[in-house]
Amino acid sequence: MEEALFKNTSRISEQELTKYQLKMLKKTIILFATVVILISVAVGLPLIFFVNEFVGGAIIVLGALGGAVLLPYLLKDSVKKQNAQILGDRKYLNTYEFFQDKMTIINSATDNFSSSEYKEIARADIDIKNIYKLMVDPIYIFIYLDSRQSLFLDKRGMTKGTAGELVEFIQGKGVKIVDKTKK
């Protein structure tokens, strides 16, 4: 059997998954907040000039608070609760093994939160040439399978090879790399 060139084990906890999803939802949250604020201004300005200054001003202020504070908070809280429900009382690990032409992902979980014995629950092979792009930030490497779906691996979980060598290896296969480590 072929030996892996690179190997990574990344823990998937509620906090890690929430951080990842919020990072991916950042543009969407900003877009929704902007739309709510713009709608409140569009409704409030005519009210200021034609109906009542107080009512129009209140609508603009409430829309700005709702769009800038309440909406992002509610979206973040919703993601957090959903992840807690999905993961339940188990701990999860993803093990990524990189070979010459493919990547194997092994998902493992414990029976309960207090257990430390992980059992394999799923396995998938992906051709490296089918990776859409790689995005690298200071802590994670995001492996995009298409423009909207990605996996994440924690650079600190490298058990064979380094994260930098892995990125160079995948870049050598013709995969686009987006480097966000300097931002």
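Each chain has its residues counted from 1, running along the sequence as written. Only residues with pLDDT of 70 or above have their local features reported here, since the model is predicted, and side-chain atom pairs are shown and tallied only from 80 upward, although totals for entire chains, interfaces and linings are computed over all residues. The side-chain figures draw on all heavy atoms in the structure; neither hydrogens nor water molecules are used.

Student: Is there a simple way to think about the overall build of the chain in this case?
Tutor: By definition, any uninterrupted DSSP run of H or I lasting at least four residues is a helix, any uninterrupted run of E lasting at least two residues is a strand, and each is numbered from the N terminus. A tally of helices and strands in the chain yields 3 helices and 9 strands. The N-to-C order of helical and strand elements in the chain reads β-α-α-β-β-β-β-β-β-β-α-β. The quantity called the radius of gyration is restricted to C-alpha atoms. Its globule counterpart is 2.2 Å times the number of residues to the power 0.38. For 183 residues, the compact-globule estimate of 2.2 N^0.38 gives 16 Å, and the chain exceeds it by more than 25% at 22 Å. For the chain, the spread of C-alpha atoms along the three principal axes comes to 75 × 40 × 25 Å. The cut-offs for exposure are 20% and 50% of the maximum accessible area for each residue type, with area from a 1.4 Å probe on protein chains only; residues under the lower value are buried, those over the upper are exposed, and the others partly exposed. In the chain, which comprises 183 residues, the proportion classed as buried is 36%. Across the chain, contacts joining residues at least 24 apart in sequence account for 57% of those joining residues at least 6 apart. The criterion used for residue contact is that any of the two residues' heavy atoms lie within 4.5 Å.

Student: I keep staring at the pattern of salt bridges and nothing clicks. Help me out?
Tutor: Pairing between side chains of opposite charge can happen when their charged atoms approach one another. Salt bridges are defined as contacts in which a side-chain nitrogen from Lys or Arg sits within 4 Å of a carboxyl oxygen from Asp or Glu. For the structure shown, the criterion picks out 8 salt bridges. Its salt-bridge partner being Glu97, residue Lys7 comes within 3.6 Å of it at the nearest N-O pair. Of this pair, Lys7 sits in strand S1 (residues 6–12) while Glu97 sits in strand S2 (residues 92–98), and the two are 90 residues apart along the sequence. A relative accessible area of 30% places Lys7 in the partly exposed class. Here Arg123 makes a salt bridge to Glu120, at a shortest N to O gap of 3.1 Å. Given the relative accessible area of 49%, Arg123 is considered partly exposed.

Student: In this structure, what is going on with a nonpolar patch on the surface? I would like to understand it.
Tutor: To count toward a patch, a residue needs a relative accessible area above 30% and no salt bridge. Like charges then connect within 9 Å, nonpolar side chains (Val, Leu, Ile, Met, Phe, Trp, Tyr) within 5 Å. Here the open area of atoms and residues is found with the Shrake-Rupley method and a 1.4 Å probe, where only the protein chains shown may cover a residue. A grouping of Leu31, Val35, Ile39 and Val43 is seen on the molecular surface, where their side chains present a nonpolar patch of about 340 Å² in accessible area. Tracing the chain through its elements places Ile39 in helix H1 (residues 14–50).

Student: Please clarify how the sheet that holds strand S4 (residues 119–127) should be interpreted in this entry.
Tutor: Sheet strands line up and pair through hydrogen bonds in the backbone, either parallel or antiparallel. DSSP bridges decide pairing: two strands pair if at least two such bridges lie between them. Sheet architecture is open: 5 strands sit in the order S4-S3-S2-S1-S8, paired in antiparallel fashion. In the strand order of this sheet, the two ends are held by S4 and strand S8 (158–160), each with one partner. With direction set aside, neighbouring strand axes in the sheet form an average angle of 20°. As paired elements, S1 and S2 share 7 bridges and run antiparallel to each other. The residue bridging Ser10 from the neighbouring strand is Asn94, located in S2. What counts as an axis is a line fitted to C-alpha atoms, over the stretch in contact for a helix, and the angles between N-to-C directions run from 0 to 180 degrees.

Student: Would you mind showing me how to read the pairing of strand S7 (residues 150–154) here?
Tutor: Every other side chain in a regular strand lies on the same face of the sheet, so the side chains alternate between the two faces. Of all 5 residues in S7, 5 are buried, a share of seventy percent or more. Along S7, one buried face is formed by Ser150, Phe152 and Asp154 and the opposite face, lined by Leu151 and Leu153, is buried too. Pairing analysis gives 5 bridges linking strand S6 (residues 140–144) to S7, with the strands arranged antiparallel. Directly across from Tyr140, in S7, lies its bridge partner Asp154. Hairpin connection, S6 to S7: the antiparallel pair is bridged by 5 residues.

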